[in-house]
Each structure stands twice: as structure tokens, then as C-alpha cells.
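Working through the structure, step by step
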Amino acid sequence: MLNNIGLPGILLIAIVVLVLFGRGKISSLMGEVGKGITSFKKGINEGTQELEDQAADAAKDVTPEDEKDKV
């Protein structure tokens, strides 16, 4: 059923949503969606950076335990 929506159907849906909610409400909603996406991307980047830092810390010291005591 939804396979045959096409461009006219999408435009009709957009007009109905615009009439129901108004331009201001849709604008603020899209602003909140944008902030959410930005926050999500920032969280992903921080998580990736944290994992890379942990891997780098683990890779720094490769000296065997018995050799550490001798130093």
C-alpha cells in the first residue's frame, strides 16, 4: 500500500502536517531533532575517542612483568 505514494502523496502529507501543526511548531520540532542528532554524533565521537585512548594506554607498556621489577 505504501509502495505507491510517490511525490504527490508526499506533498499532500507535508501540506496536511503543515496545516495541523503550523510552521512554528514544525520549525521548533526540526530544531530539536537537529540538536538530538548533533548530540548523538558528539556522543559517538567521544565514545570512539575513549576506546582509542584505552587501546593506546594498553599498547604503551609492553614490557613483561618480570622485566619491570628489574628497572
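Notes on the structure follow.

Criteria and cut-off values
Residue numbers here run from 1 along each chain, matching the order of that chain's written sequence. Residue-level local features of this predicted model are given only where pLDDT is at least 70; pairs of side-chain atoms are given and counted only at 80 or more, and the full residue set underlies all totals for whole chains, interfaces and linings. Only hydrogens and water are set aside; all other atoms, that is, all heavy atoms of the structure, feed into the side-chain values. By the criteria applied, helices consist of DSSP H or I runs no shorter than four residues and strands consist of E runs no shorter than two, each listed in order from the N terminus. Only protein chains enter the area calculation, which uses a 1.4 Å probe; residues under 20% of their type maximum are buried, those over 50% are exposed, and those in between are partly exposed. In these tables, accessible area is a Shrake-Rupley quantity obtained with a 1.4 Å probe, and a residue counts as shielded only by the protein chains included in the view. Salt bridges are defined by distance alone: a side-chain nitrogen of Lys or Arg within 4 Å of a carboxyl oxygen of Asp or Glu. Patch membership needs two things, relative accessible area over 30% and no salt bridge, and members are linked within 9 Å if like-charged or within 5 Å if nonpolar (Val, Leu, Ile, Met, Phe, Trp, Tyr). Just so you know, the count uses Lys and Arg for positive and Asp and Glu for negative, and it drops His and the chain ends. Lysine's charge is taken at NZ, arginine's at CZ, aspartate's at CG and glutamate's at CD.

The next point concerns the overall build of the protein. Counting secondary structure elements, the protein contains 2 helices and 0 strands. Per-residue burial over the protein gives 1% buried out of 71 residues. When the accessible surface of the protein is split by element, carbon and sulfur atoms take 64% of a total near 6600 Å².

Counted by the stated rule, this structure contains 1 salt bridge. Note that E32 and K35 form a salt bridge whose closest N and O atoms lie 3.8 Å from each other. Remark: K35 and E32 occur in helix 1 (residues 6-60); sequence separation between them is 3 residues, near one turn of the helix.

A few words on a nonpolar patch on the surface. Nonpolar side chains collect at one region of the surface, where I5, I10, L12, I13, V16, V17, L20 and F21 lie side by side and expose about 750 Å² of accessible area between them. Within the fold, L12 resides in helix 1.

What follows deals with a negative patch on the surface. Where like charges cluster on the molecular surface, the negative patch consists of E46, E50, E52 and D53. By secondary structure assignment, the location of E46 is in helix 1. Take E46: its relative accessible area is 48%, and that puts it in the partly exposed class.

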